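Structure at a glance
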Amino acid sequence: MIVAADPRKVRRTRRAWAGTVGLVPTMGALHEGHLSLVRRARAENDHVVASLFVNPAQFGPSEDFTRYPRPRERDLALFSGEGVDLVFAPEVDDLYPPGFATWVVPGPAGDHLEGARRPGHFRGVLTVVSKLFHAVEPDRAYFGQKDAQQAVLIRRMAADLDLAVEIAVCPIVREEDGLARSSRNAYLTPEERRAAPVLHRALGAAASAHAAGERDAAALRRIVRDVLASEPLAALDYVSVADPVSLAERASVEGRALLSLVVRFGATRLLDNVVLPAGEKL
Ligand code: AMP
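The following refers to the structure shown. (Residues numbered from 1 in each chain as written. Predicted model: local features only at pLDDT ≥ 70, side-chain atom pairs only at ≥ 80, totals over all residues. Heavy atoms only, no water.)

As for the environment of A5
- Relative to the elements of secondary structure, A5 occurs in the loop between β1 (2-4) and α1 (7-15).
- Residues contacting A5, with those up to four places away along its chain left out, are F88, A89, P90 and D94. (Helix = DSSP H or I, 4+ residues; strand = E, 2+ residues; numbered from the N terminus. Contact = heavy atoms within 4.5 Å.)

Shown next as structure tokens:
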């Protein structure tokens, strides 16, 4: 497995390969969610590139950039075990050298949900993903539905900028108790960790109501709120029923919708979502 920090070295290595290339962008602190993307990339491509980069441009000034976990040797061993050919692990200066000044900004779908709460976050995401695409020139790139708005905005960007990359959105990998895998789960205290599956239960209750015929978005959001109210450690940040493409709020669910929520446990924000009807893809 090659490990490279310099985007020019990554491009040279990739251009020497014949066959298809799949890219899996990550910030590391790998878990089964990341590895599911790598396995799919491995199954569908001749070569797999994974990136390992905690992107400062997508963190707000009061967010967890400095304390974000960086278990580099463990991450490299996990990538190697999954048959990754090349890990692109740049330093901040490799992607943002002095004088860096050009950004990729999302359209209106970036104004909702996480975009409304984390100003500049998706500008940082789209910019770094563009740079990864330029260095790796992948045929396919793999993202998790866990970060649904990110996947929607990257798909939009690829279409709008005529990028020759297929965007694959992969299902959310969960712990046995239903908690969506996340590098930030490591921030939870044991009590918070025990309470955290309430997100999945709340989404499940609303998805069941939808399956039983409930189409009113306010009623679905209320079901989520009621389940969360049973867990004193959980503070709801927001719950949304949105159009799966524009991400604008819906009054009622006709066709597909993205039901998503963010819940705070102390200082830790946990995200989860389900596409309605349950089982539909983003
Ligand atoms: P991150 O390292 O958090 O930036 O995540 C890297 C990629 O892994 C993103 O496309 C995420 O959506 C995806 N991912 C994170 N958690 C999960 C999960 N539980 N299931 C599936 N994909 C995930």
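Some remarks on unusual backbone geometry
- In this model, L276 is joined to P277 through a cis peptide bond whose omega is -5°.
- As for its placement among the helices and strands, P277 is situated in the segment after β9 (268-276).
- The phi dihedral of E137 is positive, around 45°, even though this residue is not glycine.
- Here E137 lies in the loop between α6 (121-136) and β5 (140-144).
- Using a relative accessible area of 30% as the deciding quantity, one classes E137 as partly exposed. (Buried < 20%, exposed > 50% of the residue type's maximum accessible area, 1.4 Å probe, protein only.)

A few points about the packing of aromatic side chains
- In the structure shown here, the tally under the stated rule is 6 aromatic pairs.
- Following the ring pairs from residue to residue traces out a cluster consisting of F53, Y96, F100 and W103.
- In this structure, R70 packs its charged tip against the face of F65, placed 4.9 Å from the ring centre.
- Lying over the aromatic face of Y96, K131 brings its terminal NZ or CZ to 5.9 Å of the ring centre. (Phe/Tyr/Trp six-rings, centres within 6.5 Å; stacked < 30°, edge-to-face > 60°. Lys NZ or Arg CZ within 6 Å of the ring centre and 35° of its normal.)

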